[in-house]
Amino acid sequence: MPTEAARVLRDTSADPEFGPWLAQASILVVDDEPGMRNFLMRTLGPRCRQLELAADTDEASRKLDQNHFDVVILDNIMPKKNGVEWLAEQRAIGFFADAILMTAYADLETAIQALRAGAVDFILKPFRSNQLLNAVARCLDRIRLQRENYVLRYELKATSDHILLRDRLIGESAAIAGVRETIARVAPLPTSVLLTGQSGTGKEVAARSLHALSDRAAKPFVPVNCGAIPADMIESELFGHLKGAFTGAERAREGLFLHAQGGTLFLDEISEMPPATQSKLLRVLEDRKVRPVGSEREVPVDLRFVFATNAELEKEVQAGRFRADLFFRINVMQIHLPPLKDRDGDAVELAVLFMKKLSAQLAMPAVPIDEAARRALSAYDWPGNVRELRNLIERTLILGRFPDGFGQAAAAGREGGSLADVERRHILSVLTACSGQRDEAARQLGISRKTIDRKLAAWDG
């Protein structure tokens, strides 16, 4: 039988009567009566992931410093300090969990004080176990809905490319197949991952794949574009803040680190993070604790970190724009996302998929991707990568045809290279201009039809 101060771990199979989230919850009970602590341990212990017991507010404060809790259940009348006073103090120094107050006195003044101190529910003694479990389930549902709402609102504001292909990497090229294989190997591990590559190559898609294949797949995936948050707001957005921490902070708010609790935090464009915030991020990676703005307490976090950048971080370090110690800390496992021009054949496959998905989304008829369009898609350099391809398909759907000059742009997209590359680009551009008619292309090029057939067969092979 565990002592009152020990952590109580139990079977975490979900209890359908009180929702699926209770089995994953971490709960702190604060009560000076051994009998009540024992009752709550027997009621909650078998149903939640982690239960901690504290006999007084001093012990409770120490446990808050050491662990993250989803819900705190505390008695109001205790020696030294009552529950309402302690709760108000904890809110003031950095405490974000939901609190349920237990009391034997149902006077209006106590209820008002409890609400002002930040309690979200109120239970009158004596109570039945079902009353307590329902109160905890309400808290957990509230927490989940608040966090999901905040993350979704942030995601909609931060990116416009999340509506398609965000959960899987499409393509059969050797380059993207190698990326998928690496992701599959590293996903089950707690290792931090650094994704590199040009803008639009699918770094967020890769990050979501890492999350989906990990043991955190059922927990939140929170994407953060560091370059899209103003420098004076990024610390508050990431770490959260207390009420009154700065001008305009009218209420306390959890940051994105805490919203991602238990899941994956994806920090995109990490090179754009201000130096002061880089220093604080390094502390989080080392200690796995965050300190909200204005808080005296560090809050433990359980996160898997995925970072991404389209910059060369080694050069950023040499230029003094990125901390060397942070670079070495995040560069544990690096995965490079290849540009679309190096993914042979994937541009056509992606175009077909985008055409199908976007035509349904826009309620517009799909535009056929004929042989000439396929060759133009394969020949183009795609400086904007997958994002540019998606935009092209959307523009094509709106126009009802591929934009004028797309074939010429494709031919011009790969300037330079070997003589063989120049020859290939030129033949393909003429074929595109001739709508794929090989006889006419051969006439314009001054070569035989067989020469074109032979070269196309060699390039396709």
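Residues numbered from 1 in each chain as written. Predicted model: local features only at pLDDT ≥ 70, side-chain atom pairs only at ≥ 80, totals over all residues. Heavy atoms only, no water.

Caption draft 1: Just the overall build of the chain, in detail. Secondary structure assignment for the chain yields 19 helices and 14 strands. When the 461 residues of the chain are sorted by exposure, 50% land in the buried category. About 22,000 Å² of surface is accessible on the chain, with carbon and sulfur atoms providing 51% of the total. (Helix = DSSP H or I, 4+ residues; strand = E, 2+ residues; numbered from the N terminus. Buried < 20%, exposed > 50% of the residue type's maximum accessible area, 1.4 Å probe, protein only. Areas by Shrake-Rupley, 256 points an atom, 1.4 Å probe, with all protein chains shown as cover.)

Caption draft 2: Structural view of the sheet that holds strand β2 (residues 50–54). Spatial strand order, β2-β1-β3-β4-β5: five strands in an open sheet with parallel pairing. Every other strand in the sheet has two partners, leaving β2 and β5 (121–124) as the edge strands with one partner each. Here the strands of the sheet are splayed against their neighbours by 20° on average, with no regard to which way each runs. Sheet analysis places strand β1 (residues 26–30) next to β2, joined by five bridges and oriented parallel. When the sheet's bridge partners are listed, V30 is paired in β2 with A54. Taken strand by strand, helix α2 (residues 57–66) contacts β1, β2 and β3 (71–75), and its axis lies near 145° from that of β2. (Pairing = 2+ DSSP bridges. Axes fitted to C-alpha atoms, helices over the stretch in contact; angles between N-to-C directions. Contact = heavy atoms within 4.5 Å.)

Caption draft 3: A look at the pattern of salt bridges. As enumerated under the stated definition, the model contains 22 salt bridges in all. For E89, the salt bridge goes to K81, with nearest N and O atoms at 3.0 Å. K280 is paired through a salt bridge with E235; the nearest N and O atoms lie 3.9 Å apart. Here K280 is found in helix α10 (residues 275–287), whereas its partner E235 is found in helix α8 (residues 234–239), with 45 residues between them in sequence. Classification of E235 by relative accessible area gives partly exposed; the value is 25%. A cluster of three or more residues bridged by salt bridges with shared partners is formed by R283, D287, R291 and E298. (Salt bridge = Lys/Arg side-chain N within 4 Å of Asp/Glu carboxyl O.)

Caption draft 4: Structural detail: helix α15 (residues 385–399). Taking 1.5 Å per residue as the helical rise, α15 with its 15 residues ought to reach 21 Å, and the 21 Å between its terminal C-alpha atoms agrees with that figure. By the burial criterion, the buried members of α15 are N385, V386, L389, R390, L392, I393, T396 and L397. Around the axis of α15, the buried residues are gathered within 160° of arc, so they sit on the same side. Positive backbone phi, approximately 85°, marks G400, located one or two places after α15. (Expected span 1.5 Å × (residues − 1). Arc of directions from axis to C-beta.)

Caption draft 5: Structural context of the pairing of β1. Counting buried positions along β1 yields five of five residues, so the element is predominantly enclosed. Of the two faces of β1, the one holding S26, L28 and V30 and the one holding I27 and V29 are both buried throughout. Inspection of the sheet shows β1 paired to β3 by four bridges, in the parallel sense. Paired with L28 across the strands is V72, a residue of β3.

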